[in-house]
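Understanding the architecture of this molecule
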Amino acid sequence: MAERTRNNPNEAYIKYVSSVSPKTKETRSLLNAFLVGGAICVIGQFLRYMFEFLFGMRGDELAGSVSVVLIFLSALLTGLGVYDRIGKYAGGGSIVPITGFANSVVAPAMEFRSEGFVYGLAAKMFVIAGPILVFGIASSVAVGLIYYIAGLF
């Protein structure tokens with residue numbers, strides 16, 4: 001076996017990487033992701049109940065208001081550098097769809113702001129989220145056209 005490892009550089013490299021890489025604690029990582037993702041969802045549900053109770057919102061108005069507040073909070077926390085620490089602690093749990101998407105738009109914009117407003121901030125804002133937006137917009141146009149054409153018949 002030792003002879004085979006010496007002759008195969010891939011096996012030697014894999015052995016080296018596994019010896020120097022820190023061991024991950026999967027159970028702890030999964031628990032952190034579950035707790036933080038759940039906390040983000042609880043905050044969203046709390047906002048929903050408060051907007052419904054305090055302002056009498058219903059339906060799309062309620063859903064839109066909660067979404068806007070969650071997007072604003074995640075963008076603000078990203079700008080302050082707090083969301084990065086949450087992401088490091090929670091891993092995938094911080095990528096709850098709406099807050100993680102807002103983070104993926106704001107983080108590149110913050111990183112490239114030194115390059116100027118147009119070439120830095122505006123151009124790099126959608127580096128990560130751009131393909132998602134393109135796919136989402138193209139899909140919504142396609143579905144809209146299908147519904148429109150189906151409504152003609």
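Presented here is a report on the structure given in the accompanying data block. Everything numeric here is computed off the predicted structure, so don't read it as measured data.

The next subject is the environment of alanine 109. In this structure, alanine 109 sits in helix H6 (residues 97-111). Owing to a relative accessible area of 6%, alanine 109 belongs among the buried residues under this scheme. Along the primary structure alanine 109 and glycine 79 are separated by 30 residues, whereas in three dimensions their C-alpha atoms are 9.5 Å apart.

Let's shift gears to the side chain of serine 104. With respect to the helices and strands, the residue serine 104 is situated in helix H6. Overall, the relative accessible area of 13% leaves serine 104 in the buried class. Among the polar contacts listed, one links the side chain of serine 104 to the backbone oxygen of phenylalanine 101, at a separation of 2.7 Å.

Core analysis: the biggest nonpolar cluster contains 6 residues, these being Leu47, Phe51, Met57, Leu62, Val66 and Leu70. Broken down by element, this core gets its largest block of residues, 3 residues, from helix H4 (residues 59-79). Contacts of leucine 62, omitting those with residues within four sequence positions, involve Arg48, Phe51, Glu52 and Met57. Residues Val36, Tyr83, Ala90 and Val96 belong to the second largest nonpolar core, which totals 5 residues.

Applying the stated criterion to the full structure yields 1 salt bridge. With a shortest N-O distance of 3.0 Å, glutamate 52 and arginine 58 are connected by a salt bridge. The class for glutamate 52 is partly exposed, based on a relative accessible area of 29%.

Cut-off values and rules
Residues numbered from 1 in each chain as written. Predicted model: local features only at pLDDT ≥ 70, side-chain atom pairs only at ≥ 80, totals over all residues. Heavy atoms only, no water. Helix = DSSP H or I, 4+ residues; strand = E, 2+ residues; numbered from the N terminus. Buried < 20%, exposed > 50% of the residue type's maximum accessible area, 1.4 Å probe, protein only. Polar contact = N/O pair within 3.5 Å; in protein donor to acceptor, adjacent residues only side chain to side chain. Core = buried A, V, L, I, M, F, W, Y, C linked by side-chain atoms within 4.5 Å. Contact = heavy atoms within 4.5 Å. Salt bridge = Lys/Arg side-chain N within 4 Å of Asp/Glu carboxyl O.

By themselves, these are just geometric observations and shouldn't be taken as functional.
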